[in-house]
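Listed below, chain by chain, are the residues.
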Amino acid sequence: MNLDVLSISNEVKEALLHHKPIVALESTIISHGMPFPKNLETAKKAEQILRKEGVTPATIAILNGKLKVGLTLEELTYLAKKGRKVIKTSRRDIPYIVSLGLDGATTVSATMLIASLASIKVFATGGIGGVHRGVSETMDISCDLEELGKTNVAVVCSGAKAILDIPKTLEYLETKGVLVIGYKTDVLPLFYTSKSPYPVNIRMDHPKEIAKTMKTKWDLGLKGGILITNPIPKEYEMDPVEMNNAIQKAIEKMNERKIIGKETTPFLLEEIANETQGKSLDANIHLVHHNCYVAAQIAKEYYSEKL
Ligand code: PSU
Ligand code: MN
């Protein structure tokens, strides 16, 4: 690959050079996951949380066809204001966004890919894409799952959203050889809520154990990511019954309007936020910030000499 297109900020370059901990952040969550100005406030605070922990944030996006690792405040503001007018960019979109010199907000898959090109090992986000309900009709399976199967980055998230088919998402991750760790939990968190009937592969209560497991996987030459699922803090958790009702309504509306493909996840997130009078958006913001904090602890362990 012609790495001229890879544009790493000075702050991130400096951290790479000195083997300091870095955590990657995605940009679709800014452009498509939340409305302005909450998206900008959330993105700025995510970076602040990492810096406070002594970790360098590396927000990733594509701007003017360059794969940017580490954004300026102006660049973050631009993406936040432009919102859904920016192209939601997953792995398949990268070639034309770069060749035509366009702007792209990167999803989990594209962010993982670009993070790995920059040798960044830890990435914090809210939720990943997965196997959608009704998959036997739609074949809608997020390419985030494929990326987790082949790109060496550990992703800290709050599990999979109940808008997805959770058992099928877990089966798919197993097929792709992706280890699913529960951070201080035995069961897969469901994004807005912490409990579920689905066990994770292994529970780990210490960031050091997680960092060691990452290192072991890649030292063994096993390709692919690791999914670290971190439950939403109790005080911000939503009522599961209210949540399921909101999800059900959102899915019905989506089917009525025949919304398909890459539009589905942003549509469902917005509908659920409206249906819950913004409560789901608040929960979303809190869980992202908590994931940044946990990702920072894992990154610090991963880059520590003693590991
Ligand atoms: N889940 C969220 N917020 C988001 C996304 C998922 O709670 O912003 C975004 C992420 O960027 C993820 C993408 O990678 O949606 C998945 O999209 P799709 O389902 O179209 O693969
Ligand atoms: Mn899809």
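Asks: What is the right way to look at the packing of helix α10 (residues 207-219) against helix α13 (residues 279-302) in this model?
Replies: Packed helices, taken two at a time, are described by the angle their axes make and the gap between the axes. In the contact formed by α10 and α13, the axes pass within 8 Å of each other and the chain directions differ by 55°. Taken together, α10 and α13 sit at an angle that is classed as oblique. Note that α10 runs across α13; the crossing there is right-handed. Taken together, the residues of α13 that come into contact with α10 (itself represented by Pro207, Lys208, Ile210, Ala211, Met214, Lys215 and Trp218) are Gln297, Ile298, Glu301 and Tyr302. Considered class by class, the residues forming the contact of α10 with α13 number seven nonpolar, one polar and three charged.

Asks: How should empty space enclosed by the protein be read in this particular structure?
Replies: In this approach the atoms are scanned with a rolling probe the size of a water molecule, which exposes any empty space left behind. All told, the structure shown has one cavity of 30 Å³ or more when counted by the stated rule. As a volume, the largest cavity reaches approximately 130 Å³. Lining the largest cavity are 14 residues, and of these Glu26, Ile29, Ala43, Ala46 and Val288 lie nearest its centre. Contributing elements (two or more residues each) for the lining of the largest cavity: α2 (28-31), α3 (38-52) and α13. Here the lining of the largest cavity takes four residues from α3, the largest share from any one element. By residue class, the composition of the lining of the largest cavity is nine nonpolar, four polar and one charged.

Asks: Would you mind showing me how to read the environment of Met214 here?
Replies: Inspection of the secondary structure assignment puts Met214 in helix α10. Each residue touching Met214, except ones within four places of it in the same chain, is listed here: Lys121, Val122, Ala154, Ile226, Ile298 and Tyr302.

Asks: What exactly am I supposed to notice about the pairing of strand β8 (residues 154-157) here?
Replies: Regular strands place their side chains on alternate faces of the sheet. Going residue by residue along β8, you find Ala154 and Val156 tucked away on one face and Val155 and Cys157 tucked away on the opposite face as well. Two elements, strand β7 (residues 122-124) and β8, share three bridges in a ladder whose sense is parallel. Within β8, the position partnered with Val122 by the bridge is Ala154. Examined bridge by bridge, β8 and strand β11 (residues 226-229) share four bridges and lie parallel to one another. When the sheet's bridge partners are listed, Val155 is paired in β11 with Leu227.

Asks: Can you help me understand the nonpolar core in this one?
Replies: General note: in soluble globular proteins, nonpolar side chains tend to be found buried as a group. Val69, Ile120, Met214, Leu227 and Ile228 are the most contacted members of the largest nonpolar core, which totals 103 residues. By residue number, the principal contributor to this core is α13, which donates twelve residues. Excluding anything up to four places from it in sequence, Leu227 contacts Ile128, Leu148, Val155, Cys157, Leu173, Val178, Leu179, Val180 and Ile181.

Asks: Hey, could you run me through the pattern of salt bridges in this one?
Replies: Where charged atoms of side chains with opposite charge meet at close range, the side chains can pair. Taken as a whole and judged by the stated rule, the model has 16 salt bridges. Here Asp186 makes a salt bridge to Arg203, at a shortest N to O gap of 3.1 Å. In this pair, Asp186 is assigned in the loop between β9 (179-183) and β10 (202-204) and Arg203 in strand β10, connecting sequence segments 17 residues apart. Taking the relative accessible area as the measure of exposure, Arg203 reaches 36% and is therefore partly exposed. When the shortest N-O distance is used, the salt bridge between Lys279 and Glu242 registers 3.0 Å. Of the two residues, Lys279 is situated in helix α13 and Glu242 in helix α11 (residues 240-256); the sequence distance between them amounts to 37 residues. Each of Glu11, Glu47 and Arg51 takes part in one network of salt bridges that share partners.

Asks: Honestly, the pairing of strand β2 (residues 22-25) in this entry has me stumped. Any pointers?
Replies: Burial along β2 is two-sided: the residues Ile22 and Ala24 and Val23 and Leu25 are all buried. The pairing of β2 with strand β3 (residues 56-63) spans four bridges and is classified as parallel. From the neighbouring strand, Val23 faces β3, where its bridge partner is Pro57.

Asks: Before we go on, may I ask you to explain the site of ligand 1 in this structure?
Replies: In the vicinity of ligand 1, 15 residues are found, and the nearest of them are Glu26, Lys88, Ser142, Asp144 and Thr265. Between ligand 1 and Lys88 there is a distance of 2.7 Å, counted from an oxygen atom to a side-chain nitrogen or oxygen. A distance of 2.7 Å is found between an oxygen atom of ligand 1 and a side-chain nitrogen or oxygen belonging to Thr265. Contact with the protein chains removes 94% of the 470 Å² of surface that ligand 1 exposes when unbound. With respect to the pocket detection grid, ligand 1 is positioned in the largest pocket. Mapped onto the shell around ligand 1, the elements with two or more residues apiece are α2 and α12 (264-275). A class-by-class count of the residues in the shell around ligand 1 yields four nonpolar, seven polar and four charged.

Quick notes on the rules
Residues numbered from 1 in each chain as written. Chains lettered and ligands numbered in written order. Predicted model: local features only at pLDDT ≥ 70, side-chain atom pairs only at ≥ 80, totals over all residues. Heavy atoms only, no water. Axes fitted to C-alpha atoms, helices over the stretch in contact; angles between N-to-C directions. Helix = DSSP H or I, 4+ residues; strand = E, 2+ residues; numbered from the N terminus. Parallel < 35°, antiparallel > 145°, perpendicular 65-115°, else oblique. Left-handed = near helix turned anticlockwise from the far one by under 90°. Contact = heavy atoms within 4.5 Å. Nonpolar A, V, L, I, M, F, W, Y, C, P; charged D, E, K, R; others polar. 1 Å grid on protein atoms, 1.4 Å probe; cavity = no way out; pocket = protein on both sides within 12 Å on 5 of 7 lines; lining within 4 Å. Points joined across faces, edges and corners; volume = space filled by probe spheres on them. Buried < 20%, exposed > 50% of the residue type's maximum accessible area, 1.4 Å probe, protein only. Pairing = 2+ DSSP bridges. Core = buried A, V, L, I, M, F, W, Y, C linked by side-chain atoms within 4.5 Å. Salt bridge = Lys/Arg side-chain N within 4 Å of Asp/Glu carboxyl O. Near = heavy atom within 4 Å. Polar contact = N/O pair within 3.5 Å; in protein donor to acceptor, adjacent residues only side chain to side chain. Areas by Shrake-Rupley, 256 points an atom, 1.4 Å probe, with all protein chains shown as cover. Sits in = over half its atoms within 2 Å of the grid points.

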